[in-house]
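Structural overview for review
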Amino acid sequence: MTCRPVGRRRFVGAACHNLIMYNSEVRRHATDMIARGLSLRSISMATGINRATLLDWREHPERSINPRSVCPRCVPSPTLPEPCADYAYLLGLYLGDGCISRASAKDKPVWKLRIICADAWPGLIRECGRAMSAIRPLSTVSTQQHVGCTEVISRSRHWPCLFPQHGPGKKHNRTIELQSWQQTIVAGHPGHFARGLFHSDGYRGINRVHAHLADGDRWYEYPRYLFTNESADILRLCSETLDQLGVAWRFSRRNAISVARREAVARLDEFVGPKY
Ligand SMILES: [Zn+2]
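Residues numbered from 1 in each chain as written. Predicted model: local features only at pLDDT ≥ 70, side-chain atom pairs only at ≥ 80, totals over all residues. Heavy atoms only, no water.

**A few points about the environment of Lys275**
As a reminder, the rule being used: Strands here mean DSSP runs of E at least two residues long; helices mean DSSP runs of H or I at least four residues long; both are numbered from the N terminus. Exposure is judged per residue with a 1.4 Å probe applied to protein chains only, and the accessible area is read against the type maximum: over 50% gives exposed, under 20% gives buried, and values in between give partly exposed. For the purposes of these results, a polar contact is taken to be a pair of N or O atoms within 3.5 Å, where, inside protein, one atom must be able to donate a hydrogen and its partner to accept one; residues adjacent in sequence count only when each atom of the pair is a side-chain atom.
Secondary-structure assignment places Lys275 in the segment after helix 10 (262-269). What makes Lys275 buried here is its relative accessible area of 19%. Looking at Lys275, its side chain comes within polar contact range of the main-chain oxygen of Gly202, at 2.8 Å.

Here you go:
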């Protein structure tokens with residue numbers, strides 16, 4: 001086995017006759033240059049990849065790279081992360097209760113996506129881990145136990161590409177806007193996005209209302225959803241998605257969206273349901 005760097009990228013190289021195995025990003029970059037008609041010599045000079053390897057890629061495109069390892073956003077021709085439904089759910093979780101931080105020293109651009117899940121809902125911890133694995137299949141998902149909650153963690157170089165809302169400080173102290181490709185995904189999968197939001201910063205519980213009636217006091221109970229967040233931008237994203245789903249909502253507090261009408265709760269149950 002041999003390893004050598006190309007520019008700032010790392011790759012694992014394995015000598016095989018005169019060919020070297022490069023990681024998928026390096027290969028994708030080079031094959032894009034081949035497709036644009038650049039000569040192998042100029043690509044070799046620009047990238048450091050030997051010409052025998054470039055010739056092999058040009059002549060045998062069927063020996064394709066593993067698509068599961070490619071970041072869909074930082075390639076020359078970006079595509080949507082797939083499965084889009086899992087991305088929409090994970091975006092909801094991330095905006096509700098997630099953060100992205102460096103996983104190691106600054107010279108190693110690896111990032112951790114961390115989402116806090118309450119221990120009371122083990123099914124949500126599993127669903128969160130499954131969604132992370134679906135979006136970055138080659139990244140291992142791990143958990144870290146805290147008092148009363150579990151942090152679900154996935155390490156990748158590409159979480160900031162996939163969640164460009166990443167930035168310093170709390171989300172409610174900065175503007176949170178979806179990029180156009182994220183808007184496309186949310187518009188196509190509003191139920192999954194709402195599920196992520198309500199699974200992180202939301203709640204489906206029983207509301208009890210006290211009423212004074214002529215023949216005595218009564219208590220009424222009914223199910224309702226609450227979504228609480230300090231970011232006006234994230235509250236707006238939640239309310240717009242509820243509008244798209246046809247779910248009636250109102251602000252019950254400055255920072256809380258309430259879904260309480262019987263038919264609205266029934267409609268949201270189709271996509272979210274009780275935590276589990
Ligand atoms: Zn990327």
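Alright, that's what it looks like, and here's the rest.
**Some thoughts on the sheet that holds strand 7 (residues 202-213)**
To keep things clear, this is the line we draw: At least two bridges found by DSSP between two strands is the condition for calling them paired. A fitted line through C-alpha atoms serves as each axis, taken over the contacting stretch for helices, and the angle formed by two N-to-C directions is quoted from 0 to 180°. Contacts are residue-level and defined by heavy atoms, with any inter-residue pair within 4.5 Å sufficient.
The four strands lie next to each other as 7-8-10-9, forming an open sheet whose pairing is antiparallel. With partners counted over all chains shown, the strands left at the sheet margins are strand 7 and strand 9 (250-253), one partner each. Looking at each pair of strands side by side, their axes are set apart by 45° on average, direction ignored. Summarising the sheet, strand 7 and strand 8 (residues 216-228) pair through twelve bridges and their orientation is antiparallel. What sits directly across from Arg204, in strand 8, is Tyr225. Of the strands in this sheet, strand 7 and strand 8 are in contact with helix 8 (residues 190-201), which crosses strand 8 at around 115°. Contacting strand 7, strand 8 and strand 10 (256-259), helix 10 runs over the sheet at an angle of about 40° to strand 8.

**What to know about unusual backbone geometry**
In this chain, Glu82 is followed by Pro83 through a cis amide linkage whose omega measures 0°. Within the element layout of this structure, Pro83 appears in the loop between helix 3 (51-59) and helix 4 (84-97).

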